[in-house]
Amino acid sequence: MTGYGWTAELAELFAPFAAAGLVPARIVRVDRGQCDAVLVDPESGDLRTVRADTRQVGDADMINCPCTGDWAAVDLSAGLPMPAVVALLPRSTAIIRKVAGKRSDGQVLAANVDTVVVAASLAAEPDLGRIERFLALAWESGAEPLVALTKADLVDDADFIRADVEAAAPGVTVLVVSAETGEGIDVLRACTPGTTAVLGQSGVGKSTLTNVLAGADVMAVQEARSGDQKGRHTTTTRELVPLPGGGVLIDTPGLREVGLYGGEGVALAFADIEELAEECRFHDCHHESEPGCAVRAALADGTLPERRMESYRKLQRENEWIASRSDARLATARVKKWKTITKTMRAAGGTVKW
């Protein structure tokens, strides 16, 4: 299982489950109430993939439910209708986004990821604001982000575009790659040991990139549209794919909405603005009309683009909204809990002290 990321630390965490006769497995893909998981067969010692029931660990909570990349304890007892996932090991990292629409709930996209590759196509001018949003999501996961500018064979000015993206991605490696010509693939492969998740919009070439790195056509792809050379939405579920040199890659469906779920991801994605803010005269500077504002000075002299500052403010507002909704949910839960306690004690003839 070492090729899938199994370590001595995981073995130590799994020890109580092993003592109970359970088998460690890594979840490859998840469907409603079931999953595919790879494990070492206790009898043959060979790797095999099993279909397992996940209902014992639940799937109602979209953050703590079984997810592609999770390490699980699986019961292979002969008396069961099918193998069953009975527990998940603690996650080292998790990519969590806000669900689509006005709800503030979170959804886990992949777990135990070492590197997040943000894929953006060079077939059209990259949306820097969207790349910044993906990078905030990647930083927040706890994994190391990387940007891959795909379809380099379709443009002549890839290096100029890369320079623009690098300015919007401080501290992040930005690679220009082409699955068609092989440009940058070896460097990308070297930068993605362990477990890698690929994120991006539909049609940016994520599945094609997965096939090239895997050395086989493991994911379905479609031809690009002739009009604008954009790809079509192909992947419909998150799937973990083993790589020939070791390590695994998680291909994900294209994300139309990339809502953030709070945390420090925005600060890390905009580390340049955060560093400028430390030079402001007032520690609680809002970078609007306060004197001695280093951020406004950088905007004035052009070292900080207005576009990037607007993107920063927008993502900050989203984080603040998520935080307020989370606080509201906690407050509602507390009120509901105390109402239940009050009702129970009154029914028993007791008194309630607040």
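Up top is the structure these notes are about.
As a starting point, this report considers the structure included with it. (Residues numbered from 1 in each chain as written. Predicted model: local features only at pLDDT ≥ 70, side-chain atom pairs only at ≥ 80, totals over all residues. Heavy atoms only, no water.)

Some thoughts on the overall build of the protein
Consideration 1: Along the backbone of the protein there are 9 helices and 13 strands.
Consideration 2: Looking at the 354 residues of the protein, the share that counts as buried comes to 44%.
Consideration 3: Accessible surface for the protein amounts to roughly 18200 Å². Of this, 51% is attributable to carbon and sulfur atoms. (Helix = DSSP H or I, 4+ residues; strand = E, 2+ residues; numbered from the N terminus. Buried < 20%, exposed > 50% of the residue type's maximum accessible area, 1.4 Å probe, protein only. Areas by Shrake-Rupley, 256 points an atom, 1.4 Å probe, with all protein chains shown as cover.)

Observations regarding the pattern of salt bridges
Consideration 1: Inspection of the entire model under this criterion finds 13 salt bridges.
Consideration 2: Close ionic contact of Arg51 with Asp36 constitutes a salt bridge, the shortest N to O distance being 2.9 Å. Of the two residues, Arg51 is situated in strand E3 (residues 47-53) and Asp36 in strand E2 (residues 34-40); the sequence distance between them amounts to 15 residues.
Consideration 3: Looking at Arg51, the relative accessible area reads 32%, which means it is partly exposed.
Consideration 4: Overlapping salt bridges, with partners in common, bring together Arg29, Asp31, Asp36, Arg51 and Glu239 in one network. (Salt bridge = Lys/Arg side-chain N within 4 Å of Asp/Glu carboxyl O.)

Thoughts on the nonpolar core
Consideration 1: Among the nonpolar cores identified, the biggest contains 62 residues, and Ile95, Leu135, Val147 and Leu149 are the most heavily contacted of them.
Consideration 2: Among the elements that take part in this core, helix H2 (residues 128-141) stands out by supplying 7 residues, more than any other.
Consideration 3: With sequence-adjacent residues up to four places away left out, Val147 is seen in contact with Val118, Ile131, Leu135, Val165, Val172, Thr173, Val174 and Leu175. (Core = buried A, V, L, I, M, F, W, Y, C linked by side-chain atoms within 4.5 Å. Contact = heavy atoms within 4.5 Å.)

Quick look at the pairing of strand E11 (residues 195-199)
Consideration 1: Of all 5 residues making up E11, 5 are buried, and the element is well covered by its neighbours.
Consideration 2: Side-chain alternation along E11 places Thr195, Ala197 and Leu199 on one buried face and Thr196 and Val198 on a second face that is also buried.
Consideration 3: As defined by bridge partners, strand E8 (residues 115-121) adjoins E11 across 4 bridges and the pair is classed as parallel. For Val116, the partnering residue across the bridge sits in E11 and is Ala197. (Pairing = 2+ DSSP bridges.)

Section: the side chain of Ser178
Consideration 1: For Ser178, the position within the fold is in the loop between strand E10 (173-176) and helix H4 (185-190).
Consideration 2: Residue class for Ser178 comes out buried when judged on its relative accessible area of 0%.
Consideration 3: Excluding anything up to four places from it in sequence, Ser178 contacts Lys151, Ala152, Asp153, Glu183 and Ile185.

Limitation: the analysis is restricted to geometry and does not speak to function.
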